[in-house]
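Understanding the architecture of this molecule
Take a look at the letters that make up each chain.
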Amino acid sequence: LQLNKSKIKICGINEIKIINCCINNGIEYCGLIFYEKSPRFVNLELAKKIINYVYNKKIIPVGVFVNKPLNEIKKIIKKTCLKHIQLHGDEDNNYIKHLKKEFDLKIIKSIGINNKDDLRKMDDLQLSDYFLFDYKPKINELPGGNAKRFDWSLLQNITINKPWFISGGISIDNIEQINKKLIPYGIDISSGVEEKPGIKSSHKINALLKILNA
């Protein structure tokens, strides 16, 4: 195993058969999206079913939230026993502090990147455990899963003081470039392994992992 091999997170999973495909491919994280406007949204019942299914298996479920009121996100964490969550909206350090006070959580905080200045947001989000750098959506776009990428070279030669994921428009066609230029802790893929929005393809996941493991 290469030491510098990034972990893989497939985000927006809503089917057990796709979870099995991820487990068979040694994928480390699966993202469950608790954001109603997303085509990948999972309700509480389905989320609990998936989380129970992966219990004790070698894959970590991550609940993905976008600007959820604190009392609502706390209820979901209690009901699902999630240990990893991803905050993909405008949540701030204070929001993270409230969650950490109540739960033993690992928190991934997304930062939308459009230019170098956006990287300064890291300074104000130091209570998170991981960063996730994503394409910065325009006003009318979803917070994630837009199949669009930012300029990855912005992440070269900068100091990032936490393990970080890269996200946004990653697919079979460009994933090899990531590890040539950057070595992130994790690579987060959603639309790049879909047949259509919200429908993951086992075939595309297998093909992607073949490239990564080559």
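Everything below is about the structure shown above.
These lines cover the structure that appears in this document, whether it is placed above or below.

Conventions adopted
- Residues numbered from 1 in each chain as written.
- Predicted model: local features only at pLDDT ≥ 70, side-chain atom pairs only at ≥ 80, totals over all residues.
- Heavy atoms only, no water.
- Helix = DSSP H or I, 4+ residues; strand = E, 2+ residues; numbered from the N terminus.
- Rg over C-alpha atoms; globule rule 2.2 N^0.38 Å.
- Contact = heavy atoms within 4.5 Å.
- Lys, Arg positive; Asp, Glu negative; His and termini not counted.
- Charge placed at Lys NZ, Arg CZ, Asp CG, Glu CD.
- Axes fitted to C-alpha atoms, helices over the stretch in contact; angles between N-to-C directions.
- Left-handed = near helix turned anticlockwise from the far one by under 90°.
- Nonpolar A, V, L, I, M, F, W, Y, C, P; charged D, E, K, R; others polar.
- Buried < 20%, exposed > 50% of the residue type's maximum accessible area, 1.4 Å probe, protein only.
- Arc of directions from axis to C-beta.
- Pairing = 2+ DSSP bridges.
- Right-handed = clockwise from strand over helix to strand, strands pointing away.

Quick notes on the overall build of the protein chain
Regarding its fold elements, the protein chain presents 6 helices and 10 strands. Its C-alpha atoms give the protein chain a radius of gyration of 16 Å, within 12% of the compact-globule value 17 Å for 214 residues. Contacts in the protein chain between residues far apart in sequence, at least 24 positions, make up 54% of those at least 6 positions apart. Separation between the mean location of the 35 positive side-chain charges and that of the 23 negative ones in the protein chain comes to 4 Å.

Some remarks on the packing of helix 3 (residues 70-80) against helix 4 (residues 93-102)
Where helix 3 contacts helix 4, the two axes come as close as 11 Å, and the packing angle between them is 35°. Helix 4 is crossed by helix 3, and the crossing has right-handed handedness. From helix 3, Leu70, Ile73, Lys74, Ile77 and Lys78 reach across to helix 4, where they touch Tyr95, His98, Leu99 and Glu102. In the contact of helix 3 with helix 4, the residues fall into 5 nonpolar, 1 polar and 3 charged.

Concerning helix 1 (residues 16-24)
Those residues of helix 1 not exposed but buried are Ile18, Ile19, Cys21 and Cys22. Looking down the long axis of helix 1, one finds its buried residues gathered within 160° of arc, a one-sided arrangement. Away from its buried face by more than 90 degrees, helix 1 exposes Lys17 and Asn24. Along its buried surface, helix 1 packs onto strand 1 (7-11), strand 2 (29-33), helix 2 (44-54), strand 10 (199-200) and helix 6 (202-213).

A short note on the sheet that holds strand 6 (residues 130-135)
Spatially, the 8 strands close up into a barrel ordered 1-2-3-4-5-6-7-8, and their pairing is parallel. Between one strand axis and the next, the sheet turns by 25° as a mean value, whatever way the strands run. Here strand 5 (residues 106-113) pairs with strand 6 via 6 bridges, running parallel. Bridge pairing in strand 6 links Gly112 to Asp134.

Quick look at the pairing of strand 7 (residues 164-167)
Side chains of strand 7 alternate between two faces, with Trp164 and Ile166 and Phe165 and Ser167 buried alike. Pairing analysis gives 3 bridges linking strand 7 to strand 8 (residues 186-189), with the strands arranged parallel. Note that in strand 8 the partner of Phe165 across the bridge is Gly186. In this region the chain leaves strand 7, passes through helix 5 (residues 175-181) and returns to the parallel neighbour strand 8; the handedness of that crossover is right-handed.

A word on helix 4
What helix 4 keeps buried is the set Tyr95, Ile96 and Leu99. Projection of helix 4 onto a plane perpendicular to its axis shows the buried side chains occupying an angular sector of 95°, all on one side. Residues of helix 4 that are buried make contact with helix 3, strand 4 (84-87) and strand 5.

Examining unusual backbone geometry
The phi torsion at Asn56 lies on the positive side, around 70°, for a residue other than glycine. One can find Asn56 in the loop between helix 2 and strand 3 (60-65). Overall, the relative accessible area of 69% leaves Asn56 in the exposed class. Phi at Cys81 is positive, roughly 60°, even though this residue is not glycine. With respect to the element layout, Cys81 can be found in the loop between helix 3 and strand 4.

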